[in-house]
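Examination of the molecular architecture
If you want the building blocks of each chain, they are given just below.
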Amino acid sequence: MAIIKMEQVVKKFGAFRALDGIDLTVNPGEIYGFIGPNGAGKTTAIRILLGILRATGGKAAIFGRDAWAEAVEIHKQVAYVPGEVNLWPNLTGGEVIDLFVRLRRVANKNRREELIERFALDPSKRCGTYSKGNRQKVALIAAFASDAELYILDEPTSGLDPLMEQVFQECIQEVREAGKSVLLSSHILSEVERLCDRLSIIRRGKIIETGTMEELRHLTRTNVVVQTAEPIQSLQEIAGVHDLKINGEEVCFSVDSERIGAVIKYISRFEILSLQSTPPTLEDLFIHHYRDEGG
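What you see is a predicted model; the values in this text were computed from it and never measured.

Each strand in a sheet pairs with its neighbour through backbone hydrogen bonds, running either in the same direction (parallel) or in the opposite one (antiparallel). Strand order in the open sheet formed by 4 strands is S2-S1-S4-S5, and the pairing between neighbours is antiparallel. Strands with a single pairing partner mark the edges of an open sheet, and in this sheet they are strand S2 (16-26) and strand S5 (65-66). Two elements, strand S4 (residues 57-62) and S5, share 2 bridges in a ladder whose sense is antiparallel. Residue pairing across strands places Ala-61 opposite Asp-66, the latter belonging to S5. Relative to strand S1 (residues 4-13), helix H1 (residues 42-49) is tilted by about 115°, and along the sheet it contacts S1, S2 and S4.

With mixed pairing, 6 strands are arranged side by side in an open sheet as S6-S7-S8-S3-S9-S10. At either end of the open sheet lies a strand with only one pairing partner, and these are strand S6 (78-81) and strand S10 (206-211). Recorded for the sheet is a direction-independent mean angle of 15° between the axes of neighbouring strands. In the sheet, strand S3 (residues 31-35) pairs with strand S8 (residues 181-185) via 4 bridges, with the strands oriented parallel. Considered in S8, the bridge of Ile-31 is made with Val-182. Relative to S8, H1 is tilted by about 145°, and along the sheet it contacts S3, S6, strand S7 (150-154), S8 and strand S9 (198-203).

Reading the values: the criteria
- Residues numbered from 1 in each chain as written.
- Predicted model: local features only at pLDDT ≥ 70, side-chain atom pairs only at ≥ 80, totals over all residues.
- Heavy atoms only, no water.
- Pairing = 2+ DSSP bridges.
- Helix = DSSP H or I, 4+ residues; strand = E, 2+ residues; numbered from the N terminus.
- Contact = heavy atoms within 4.5 Å.
- Axes fitted to C-alpha atoms, helices over the stretch in contact; angles between N-to-C directions.

Spelled out as structure tokens, the structure:
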């Protein structure tokens, strides 16, 4: 049974369709990436899954339960971290963590202490004195200290420094090893690429691509740097070649992934001395989809 199942989910705000028939499936033990620019519909979809918003149409379920009608039961097994964490200013970080942990009926004090140390949080300070990064740490510690079956993380590392981002990624790997599931919405594309088994790209309320990184690499171009014994003739005229630049003896260009075999065959006529090819990153995929969309 799928952990998350969204089928043709629509959400309207007046005449505006924030979600326009999206489908999304997260399987047990899967780390699932959900990417798109601000306003694409990511947070709206997450709020529907959490039972905060009611879908206008379609079906949204977690653990096979209706996300709106059975939200209370669902939340017993879900840990959620938003990108903007607001905490009680007069409580200490430790008190907030304890409150969240008690709500989940989890009493693993060793895990709590371990996470506080790893995230370098001072739990004795009042939340009103915390920076944005420290408020994120409180929410992340509370989430990972719980024994949730599903973690829904919406820009969870916002405000964290690179060292703390590394700790976060280690925690995700531990969650994976424990067989738990994660829905991760992030603008840190390298993070999604490194952590996620599959991902969906959302644009203007529609899922436009879903798959593993390997399945999505066909959507963009591979970068090539080559040196040849003889100057390469008429390379710019070869189908699939783009952004051609000549730097001394080096020739740099990008090539449509489905054309790379034919292009390499062509340049081999000029006796290849060295060749480097770099597969597209998730950021390349992202730019490929959004460069003509104005954001």
